[in-house]
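Descriptive analysis of the structure
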Amino acid sequence: MTLNIGDTAPAFDLPTYSGERLALKDLKGKTVVLYFYPKDMTPGCTIEAKDFRDRRQEFEDAGAVIVGVSKDSPDRHDKFKAKHDLNFALLADEDGALCEAYGVWQPKKFMGREFLGIVRTTFLIDADGTIRKVWPKVRVKGHVDAVLSAVTTP
């Protein structure tokens with residue numbers, strides 16, 4: 001499945017960390033930066049999470065909330081969040097249903113091996129639940145700046 005600008009964002013209601021849950025409907029009225037990343041505690045994913053962490057206040061000032069998604073467990077998210085002092089929600093999509101709904105579970109290649117995995121992708125969802133921008137196959141360097149620019153530019 002491929003989602004495009006103007007599509008309604010697929011709903012979610014997933015565990016985060018420490019036994020909490022977060023649903024898209026809980027964020028109605030806010031702009032949502034929903035970013036999918038392959039795995040907690042890996043180099044690229046850690047850099048991306050720390051970049052979002054460091055700019056979170058700017059996103060909040062613009063009326064946006066940041067939500068990260070991977071297939072890691074809530075316990076793994078707890079460790080990742082604590083180790084890097086992350087200040088936003090991480091969703092645990094352990095069965096991959098949300099990854100499938102957003103079309104980010106795709107074939108990948110690494111060191112000559114092909115496998116299915118999360119392709120790093122970010123969605124900007126407006127206050128009404130409509131997808132306003134998509135960043136597919138994200139390169140970490142400069143990505144958070146690009147997302148923040150899209151959030152703050154009318």
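None of these values were measured; they are calculated from a predicted model.

Turning next to unusual backbone geometry. Backbone geometry at Asp85 places phi at a positive 50 degrees, although glycine is not the residue there. Checked against the element boundaries, Asp85 lands in the loop between helix H2 (74–84) and strand E5 (89–92). On the accessibility criterion, Asp85 (59% relative accessible area) is exposed.

Another point: the nonpolar core. Counting residues in hydrophobic clusters, the biggest one holds 44 residues, and the most contacted among them are Leu34, Phe36, Phe59 and Tyr102. Among the secondary structure elements, those contributing two or more residues to this core are strand E3 (31–36), helix H1 (43–61), strand E4 (64–70), E5, helix H3 (97–101), strand E8 (121–125), strand E9 (131–135) and helix H4 (143–152). Residues in contact with Phe36, not counting those within four places in the same chain, are Val69, Leu98, Cys99, Tyr102, Val104, Ile118, Arg120, Thr121 and Phe123.

The pairing of E8 with E9 spans 4 bridges and is antiparallel. Residue pairing in the sheet places Ile125 in a bridge with Ile131 of E9. Connecting E8 to the antiparallel partner E9 that follows it, the hairpin turn spans 5 residues, and Gly129 within it adopts a positive phi of roughly 90 degrees.

A few words on the environment of Asp95. Structurally, Asp95 can be placed in the loop between E5 and H3. Looking at Asp95, the relative accessible area reads 62%, which means it is exposed. With 62 residues separating them in the primary sequence, Asp95 and Val33 have C-alpha atoms 21 Å apart. For Asp95, the side chain forms a polar contact with the main-chain nitrogen of Ala97, separated by 2.9 Å.

Here we come to the state of the cysteines. The final tally for this structure, using the stated rule, is 0 disulfides. Of all cysteine sulfurs, the one in Cys99 lies closest to Cys45, which takes part in no disulfide; the gap is 12 Å.

The rules behind these values
Residues numbered from 1 in each chain as written. Predicted model: local features only at pLDDT ≥ 70, side-chain atom pairs only at ≥ 80, totals over all residues. Heavy atoms only, no water. Helix = DSSP H or I, 4+ residues; strand = E, 2+ residues; numbered from the N terminus. Buried < 20%, exposed > 50% of the residue type's maximum accessible area, 1.4 Å probe, protein only. Core = buried A, V, L, I, M, F, W, Y, C linked by side-chain atoms within 4.5 Å. Contact = heavy atoms within 4.5 Å. Pairing = 2+ DSSP bridges. Polar contact = N/O pair within 3.5 Å; in protein donor to acceptor, adjacent residues only side chain to side chain. Disulfide = S-S within 2.5 Å.

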